[in-house]
Number of protein chains: 2
Amino acid sequence: MADDSVLRKPTRRLVPSVLTAMRVLGHISSEGHVRGNHVATALGLNPSTCHEVLKTLLYGGYLDYDAETREYSIGPVIATMAARSLSTDTIIAAVRPALRQWVRETQFTAFVARWLPDQTVLVVDKVESTKEIKMTLEVGQRFPPTAAALGKSFMAFMDPDELHAVLDSLELPAYTERSIGDRRSWESELQRVRQCGWSESSREFYSSTNSVVSPVFDPSGRVQFVIGSLAAATDLTDERLAEFGAKMRDLAIDVQVRLFGTAARPSGRDFE
Amino acid sequence: MADDSVLRKPTRRLVPSVLTAMRVLGHISSEGHVRGNHVATALGLNPSTCHEVLKTLLYGGYLDYDAETREYSIGPVIATMAARSLSTDTIIAAVRPALRQWVRETQFTAFVARWLPDQTVLVVDKVESTKEIKMTLEVGQRFPPTAAALGKSFMAFMDPDELHAVLDSLELPAYTERSIGDRRSWESELQRVRQCGWSESSREFYSSTNSVVSPVFDPSGRVQFVIGSLAAATDLTDERLAEFGAKMRDLAIDVQVRLFGTAARPSGRDFE
């Protein structure tokens, strides 16, 4: 999935060329190495606009350019900014032992994801399944909030106003035969997530994959990030989703205590 | 030093609001956490322009925002892009053993830096001195090419046209009493660097600091990056600069062989 494909239309006043620059960087990050004209084509940009944005990002060190292959790649400034940023690194350091423990016990890939203001969910870390053949995802990959278990754990604990705004802006797509396609069912599913503290997907996004996800709350009761796991539905079976979901929730509480010193979680919040 | 202070005026057609976004990200990265109005003040931006850029970067996950402290910080997308980027990581992985060896043997901080198209030199990795009190610098910090040893190793091996363009756009400032302030002396210093394969600073940038730097060349003969070391002039003394410089050059050759399979270095190139 190209990173930009799930970026939604902005609702507030945002700067168009900065949005374009972020789409360009997202595309190049997901492709690794790519020629300028391919960037323009892939993103449907005017070639000369795209060229100016590429030159500007190159100028600032956000991109690298290989004169021989004529390909762009992510530049050194990004890496050094990441090395200096605190928040995501702090989360990753606090969570990774828990993810490792999960993988040791289950052999299913475990991940951490954050909700972004553009209503995408970003995978920020993972610990890979130890199986030879396995389901996985990539750090940096973005999913829409309708990508089942991932989105549900964030949406279930939003303020009612924020949740309604998100739901109003979403179309619930039929990724598979089992996707929740109507809003009433989605809302009652979120109610269930609020009650049990974890969300699940039973082949709702990829037809061969099940997953469980649980939120980690900051002291103000907001979801800081979620941790989750995914596997083939033949391994993480429907019959065992509740068992693994509860296990993921307990792990999320452990992580929360380690990060914030409190196991407190918001109580179930009703609609309206 | 604020990251943006050394950014020079662009010479080609670049996108102004993308340049602004990069200045904003650079400032926030160097500050860690900062309020929006402080960003506008520090960078001399119109507050409403700055606000729009901040909102756009927040929207795309390039920034985080803490509603309690009302501070922005670097967002999760940067970290995940860095994790996926190859070039800088590849360099860091190849060079770090050499830097560690340097620090073991000398106890002086060692670093890797890259030349950016905006004519700044970016520190991309470092291994810290093991001394309790030490000279150091930060990953992500940018220096002007006139910052002595750093710039000299890049400039000495530029194509003559590129070098002249850079020298024409630079003012050689008097950072200290010992800074090289006239172009003729700077050019003959570059000639010396071409001959011996390493550059030095004898209290030319900070009045208490000496440093040695040596370039690593890619197979096409261009400087890919430099490695270097800095220390108090009382430790890395003037008398021993040549000894440490030659040692740094030998280490740079080792790194080059490991990365590119060749110890070949461009021969000294004369002016005109």
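Residues numbered from 1 in each chain as written. Chains lettered and ligands numbered in written order. Predicted model: local features only at pLDDT ≥ 70, side-chain atom pairs only at ≥ 80, totals over all residues. Heavy atoms only, no water.

If you check an unreviewed UniProt entry, chain A appears there as IclR family transcriptional regulator from Mycolicibacterium goodii.

To continue, consider the sheet that holds strand β8 (residues 209-217) of chain B. All names here are of chain B. Taken in spatial order, the six strands make up an open sheet running β6-β5-β4-β9-β8-β7, and their pairing is antiparallel. A single partner strand is all that each edge strand has here, and the edge strands are β6 (142-143) and β7 (199-202). Note that strand β4 (residues 109-115) and strand β5 (residues 121-127) share six bridges and pair antiparallel. When the bridges of β5 are listed, R114 appears paired with L122. Helix α9 (residues 241-260) rests against β7, β8 and β9 (223-232) of the sheet, and its axis sits at about 30° to β8. (Pairing = 2+ DSSP bridges. Helix = DSSP H or I, 4+ residues; strand = E, 2+ residues; numbered from the N terminus. Contact = heavy atoms within 4.5 Å. Axes fitted to C-alpha atoms, helices over the stretch in contact; angles between N-to-C directions.)

Here the focus is the relation of the copies chain B and chain A. Each copy of the sequence occupies a distinct position, and chain B is placed on chain A by a rotation of 180° and an axial shift of 0.1 Å, giving an RMSD of 0.1 Å. The symmetry that links the two subunits is that of a two-fold axis. The position closest to the rotation axis in chain B is occupied by the C-alpha of V18(B), lying 2.7 Å away. Here 100% of the contact residues of chain B are again contact residues in chain A; the copies associate through an equivalent surface. (Least-squares fit on C-alpha atoms with pLDDT ≥ 70 in both.)

Residues and elements named next belong to chain A. As for its placement among the helices and strands, V103 is situated in helix α5 (residues 87-106). Given the relative accessible area of 4%, V103 is considered buried. Sequence-wise, V103 and V127 are 24 residues apart; in three dimensions their C-alpha atoms are separated by 7.2 Å. In this view, V103 contacts F108, A110, V127, E128, S129 and T130; residues no more than four positions away in its chain are not counted. (Buried < 20%, exposed > 50% of the residue type's maximum accessible area, 1.4 Å probe, protein only.)

Below, the discussion takes up the packing of aromatic side chains. The full count for this structure, using the stated rule, is 16 aromatic pairs over all chains. A ring pair is formed by W115(B) and F154(B), whose centres lie 5.7 Å apart and whose planes are at 45°; its orientation type is tilted. Highlighted residues: W115(B) in strand β4 and F154(B) in helix α6 (residues 149-155), separated in sequence by 39 residues. Its relative accessible area of 4% is what places F154(B) among the buried residues. Seen from the ring of W186(A), K152(A) lies directly overhead, with NZ or CZ sitting 5.9 Å from the centre. Here the basic side chain of R192(A) rests over the ring of W198(A), its NZ or CZ set 5.2 Å away from the ring centre. (Phe/Tyr/Trp six-rings, centres within 6.5 Å; stacked < 30°, edge-to-face > 60°. Lys NZ or Arg CZ within 6 Å of the ring centre and 35° of its normal.)

In this section: the side chain of S229(A). Residues and elements named next belong to chain A. In this structure, S229 sits in strand β9 (residues 223-232). Overall, the relative accessible area of 0% leaves S229 in the buried class. Within the local environment of S229, its side chain forms a polar contact with the side chain of W102, the two groups lying 2.8 Å apart. Not counting residues within four places of it along the chain, the set of residues in contact with S229 comprises W102, F108, T109, A110, F111, N210, S211, V212, L236 and M248. (Polar contact = N/O pair within 3.5 Å; in protein donor to acceptor, adjacent residues only side chain to side chain.)

Residue and element names in this part refer to chain A. Strand order in the open sheet made by the three strands is β1-β3-β2, with antiparallel pairing throughout. The open sheet has two edge strands with one neighbour each: β1 (34-35) and β2 (63-66). In this structure, β2 lies alongside strand β3 (residues 71-74), joined through four bridges in antiparallel fashion. Paired with L63 across the two strands is I74, which belongs to β3. Contacts from helix α3 (residues 47-59) reach β2 and β3, with the element oriented near 105° to β2.

A few words on unusual backbone geometry. Within the chain, R70(A) stands out as a residue other than glycine whose phi angle is a positive 55°. Following the sequence through the fold, R70(A) ends up in the loop between β2 and β3.

Locating T56(A) in the fold gives a position in helix α3. Only 2.7 Å separates the side chain of T56(A) from the backbone oxygen of E52(A), close enough to count as a polar contact.

Moving on, we get to the interface of chain B and chain A. In this assembly, 58 residues from chain B lie in contact with 59 residues from chain A. Between chain B and chain A, a total of about 4900 Å² is buried, with carbon and sulfur atoms accounting for 66% of that surface. In this structure, the connection of chain B to chain A is made through four salt bridges. Across the pair D64(B) and R114(A) runs a salt bridge whose closest N-O atoms are separated by 3.1 Å. Joining chain B to chain A, the criterion identifies 11 residue pairs in polar contact (both at pLDDT 80 or more). Contributing elements (two or more residues each) for the side of chain B that touches chain A: α1 (16-31), α3 (47-59), α4 (76-84), α5 (87-106) and β5 of chain B. Partitioning the side of chain B that touches chain A into residue classes produces 28 nonpolar, 16 polar and 14 charged. (Buried area = accessible area lost by both parts, 1.4 Å probe. Salt bridge = Lys/Arg side-chain N within 4 Å of Asp/Glu carboxyl O. Nonpolar A, V, L, I, M, F, W, Y, C, P; charged D, E, K, R; others polar.)

Quick look at the UniProt feature "domain: HTH iclR-type" (unreviewed entry) in chain A now. As annotated in UniProt, the feature "domain: HTH iclR-type" (unreviewed entry) corresponds to residues 15-76 of chain A in the numbering used here. In this annotation, residues 15-76 of chain A is assigned 61% helix and 16% strand; the end-to-end C-alpha distance for the span is 24 Å. (UniProt positions renumbered as here; feature names shortened; annotations may be inferred.)

The subject of this paragraph is the domain arrangement of chain A. Taken domain by domain, chain A holds domain 1 (16-80) and domain 2 (89-260). Each of domain 1 of chain A and domain 2 of chain A has a C-alpha centre, and the two are 31 Å apart. (Domains from an automatic or database assignment.)

Before going further, it helps to spend a moment on the nonpolar core. Among the nonpolar cores identified, the biggest contains 112 residues, and L57(A), L57(B) and I227(B) are the most heavily contacted of them. Setting aside its immediate chain neighbours within four residues, L57(A) contacts A21(A), V24(A), L25(A), Y62(A), L63(A), V18(B) and M22(B). (Core = buried A, V, L, I, M, F, W, Y, C linked by side-chain atoms within 4.5 Å.)

The next thing to look at is the confidence of the model for chain A. In low-pLDDT regions, the fine details of the predicted coordinates are not to be read closely. Residue and element names in this part refer to chain A. Chain-level pLDDT for chain A is 88 on average; 93% of the residues reach the 70-or-more range. With pLDDT under 50 throughout, residues 1-10 is counted as low confidence; its partners more than four residues away or in other chains account for 31 contacts. Scoring the predicted complex yields pTM 0.73 and, for the interface, ipTM 0.73. (pLDDT = per-residue confidence, 0-100.)

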